[in-house]
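Each chain, written out:
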Amino acid sequence: MANRRVPSATVLVAANLVPLAGIALFGWDVFAVVFLFWLENVVVGFFNVLRMLWVERGAERMPAAKFAIIPFFVVHYGLFTGVHGVFVFALFGQAASISGFPTVENVIDVIVDYNLWVAVLALVLSHGFSFIRNYVAEQEYRRVTLQQLMAQPYRRVVVLHLTILFGGFLVMALELPAIAVALLVVLKIGVDLRAHLREHRRLQPATASPSSSSLVRGAGDL
């Protein structure tokens, strides 16, 4: 099972390396980098809704169950992401003259001003590849419940972005150079990769051999 996770993990790492190119080639500052990490919340939420729509486990394949749970997730996760965006814009957005609640207009303004289109596309492709390869092709949708999917993004996002917010704030407070922002990206890659491997390890088939299970467990514990 470990080798099945290699392609999606590789794409994830590649997408996370794009900000390093942005720092080197376009002089992205800590706000641009942290903004991208925040925007990834939106991408994660979008694909989680697709996962919830795709579930085929027991009674949860019924439209009634999805109709009750999915709108609640959209509202709750949307508010969570919005409040998180307020902190990102308030703490790091002064240089871009952006503060307050993140709107579609100012999100697009940041993407345009910092020329983040390639990075945003990389995020979408990374999570889209994982959705198709792991969730659909590996039939994870048969081994997960709506309740598990409700909680899944929060486990990943909270740990990751508390780390990023603290690290980004430290970079700004100490007025560290671009190399420190690059180290922040590397830190994010490590946390994100660990979360990715652990997330899919929980959904591996029950028939997986002990040796392959141990391999995946070892990868997730790196």
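Residues numbered from 1 in each chain as written. Predicted model: local features only at pLDDT ≥ 70, side-chain atom pairs only at ≥ 80, totals over all residues. Heavy atoms only, no water.

A count of helical and extended segments in the chain gives eight helices and zero strands. Each helix (α) and strand (β) of the chain, taken in turn from the N terminus, gives the series α-α-α-α-α-α-α-α. Relative to its 222 residues, the chain shows a buried fraction of 48%. (Helix = DSSP H or I, 4+ residues; strand = E, 2+ residues; numbered from the N terminus. Buried < 20%, exposed > 50% of the residue type's maximum accessible area, 1.4 Å probe, protein only.)

Once that is clear, we can look at helix 2 (residues 30–54). Between its first and last C-alpha atoms helix 2 spans 37 Å; for 25 residues at 1.5 Å apiece the expected length is 36 Å, and the two agree. Taking burial as the measure, the 25 residues of helix 2 include 20 buried ones, the bulk of the element. If you check the start of helix 2, you find a side-chain oxygen 3.2 Å away from the backbone N of Phe 31, and it comes from Asp 29. (Expected span 1.5 Å × (residues − 1). Polar contact = N/O pair within 3.5 Å; in protein donor to acceptor, adjacent residues only side chain to side chain.)

For Asn 115, which is not a glycine, the phi torsion comes out positive at approximately 55 degrees. Along the polypeptide, Asn 115 turns up in the loop between helix 4 (104–113) and helix 5 (117–137). For Asn 115, a relative accessible area of 41% gives the class partly exposed. Despite not being glycine, Gln 139 shows a phi value in the positive range, around 60 degrees. Within the secondary structure, Gln 139 sits in the loop between helix 5 and helix 6 (146–173).

These results come straight from atomic positions and should not be treated as a statement about function.
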